[in-house]
Amino acid sequence: MERFDHVIDGQVRPSADGRTFESVNPHTREPWAEVALGGRAEVEAAVEAASRAFHQGSWPRMTTGERRQILYRLADLMLEHRQELARRDTMDMGKPISRLLNGEVAGAASNFRLAADEADLDHAEVYPKDADHHIYTQYDPAGVVAAVAPWNFALTMGSWKVAAPLAWGNTVVLKPAEQSPGSATLMAELALEAGMPPGVFNVVHGFGPGSAGGFLVEHPEVARITFTGSSEVGAAISKVAADRLVPVTLECGGKGANLVFADADLDVAVPSSVRSIYSNSGQVCLVTSRVYVQRPIFDEFVARFVEQAEALRLGDPMDPATDLGPIVSQEQYDKVCGYLDSIPEDGGKILTGGRAGDGWYVRPTVAIGLPPAARACREEIFGPVVCVAPFDTEDEGVNLANDSDYGLTATLYTQDLRRAHQVAERLRAGTVWVNTWGVRERKAPFGGYKLSGVGREGGHFHRDFFTEPKAIVMRY
Ligand code: NAI
Ligand code: MG
């Protein structure tokens, strides 16, 4: 068994009471690591350390250029440790290691560089019109930031949640998901090695309510909360934060729609649509789990989609040839299976896929014939399950796509420029992809409409959230 501890005030340490929990490798379904279980005492210590580092330490008072040097060094160290970071995410949550080594680790490292550049290159407004006064804006760091991360992109989201607040001079306490504690622990250790002062970046492990997550978001010293996870927990955190008027950004679930018009290039649309539901075994908030295909090409699209879905390889996520690893946990596996069972109950038909029959594996699943009110069409499944349905007119397609409690992403495939622009404008989602999926510009706004969240992340949206903009009015 390997062992992951908290990183508090520059020390890697267990819980005061010695309590631990286990991280289970979803491929073997055996525990592979013992993790320190944080409670009130550890959250207290971490927030206190972060508060001290903020009010008395050097970090918020460094120039953005000085912080940039440390954040760049951290990015370099992450690349040096890419094998170990990748291995920990794969062992913790079952993602194919090839995905981590061929993109995610590098992306996580670059989150620190990008945030550092963003802060360093940013400039504040000067208001020139007044003859008697010099008036300008200063972006002060907000204070101690609580970051609560999910397991589906442990390293990517862990780095994304902490990079911007750190770059803007805040101090951070990160509560990684209980399913994926490994990579965050190493990232915080590497931050110390990179020269980040103790207390600036702390990690406390544990669960949600009544555990590290719950105690962290309730802590009175916390100035900002940034959360990625389910809409239910997002709403619960929002309520806690409201009592103290603490701003939150919530990046919650999705039920992405994918409109494939009859004029789409199917050589692009089919593989892209397949990728956009089965990546990470569908455990992605951005997936397009509802596909609407214009009637003239419905049969051909479905036939090609099924063929490509069936060609994907399920298996050991440590094997570089694996496309789909297991579902992260028994709880999530049971949830996905519940939706598989709901499909025939709600009048649909599974063309391919279902339980793989061994462990927490689910084959790439395609369902048709479901009414729009079916559970599998409305609720976030977070598994490799897609509902495909036909539509006739552009209006009908847009209405189907927008008929959701969520609004994180939407995708459309067409070769008609007029349609691409007009439909993109009408789709009620935080990101719209046209003839592609999954491409992220990290300076662009990232977030969702409706139950998909509150606020936007990325670029200057990060600055606006993680700082207190201050107007300074000075008489000549
Ligand atoms: P969750 O929302 O319960 O957990 C996310 C994070 O929040 C974890 O770190 C957890 O420990 C923490 N947490 C939970 N309750 C908390 C509380 N009251 N206060 C503070 N922190 C708390 O998500 P879970 O249980 O892992 O997955 C449930 C569903 O949520 C999934 O099936 C999926 O539909 C959705 N989800 C969406 C994600 C996204 O990327 N938007 C990521 C993970 C899950
Ligand atoms: Mg939960």
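Residues numbered from 1 in each chain as written. Chains lettered and ligands numbered in written order. Predicted model: local features only at pLDDT ≥ 70, side-chain atom pairs only at ≥ 80, totals over all residues. Heavy atoms only, no water.

**Some thoughts on the overall build of the protein**
- Broken down by element type, the protein carries 15 helices and 23 strands.
- Against the 2.2 N^0.38 benchmark of 23 Å for 476 residues, the protein shows a C-alpha radius of gyration of 23 Å, consistent with a compact globule.
- With the C-alpha coordinates of the protein rotated into their principal frame, the extents come out at 70 × 65 × 40 Å.
- Looking at the protein as a whole, 58% of its 476 residues qualify as buried. (Helix = DSSP H or I, 4+ residues; strand = E, 2+ residues; numbered from the N terminus. Rg over C-alpha atoms; globule rule 2.2 N^0.38 Å. Buried < 20%, exposed > 50% of the residue type's maximum accessible area, 1.4 Å probe, protein only.)

**Digging into the pattern of salt bridges**
- Summed over the entire model, instances satisfying the criterion amount to 29 salt bridges.
- For D117, the salt bridge is made with R68, and the minimal N-O distance between the two is 2.8 Å. Of this pair, D117 sits in helix α4 (residues 97–121) while R68 is found in helix α2 (residues 64–80), placing the two residues 49 residues apart along the sequence.
- Ionic pairing is found between R304 and E300, a salt bridge with its closest N-O pair at 3.1 Å. Here E300 and R304 lie together in helix α10 (residues 298–310), a separation of 4 residues that amounts to about one turn.
- On the basis of relative accessible area, R304 is assigned to the partly exposed category, the value being 24%.
- Via salt bridges that share partners, E2, E84, R87 and R88 belong to a single interconnected network. (Salt bridge = Lys/Arg side-chain N within 4 Å of Asp/Glu carboxyl O.)

**Structural notes on the site of ligand 1**
- Residues in close proximity to ligand 1 total 29 residues, the closest being W151, E178, S230, K335 and E380.
- One of the side-chain N or O atoms of S230 is found 2.6 Å from an oxygen atom in ligand 1.
- Between ligand 1 and E380, the relevant distance is 2.6 Å, taken from an oxygen atom to a side-chain nitrogen or oxygen of the residue.
- Taken by itself ligand 1 offers 810 Å² of open surface, and the protein chains cover 90% of this. (Near = heavy atom within 4 Å. Polar contact = N/O pair within 3.5 Å; in protein donor to acceptor, adjacent residues only side chain to side chain. Areas by Shrake-Rupley, 256 points an atom, 1.4 Å probe, with all protein chains shown as cover.)

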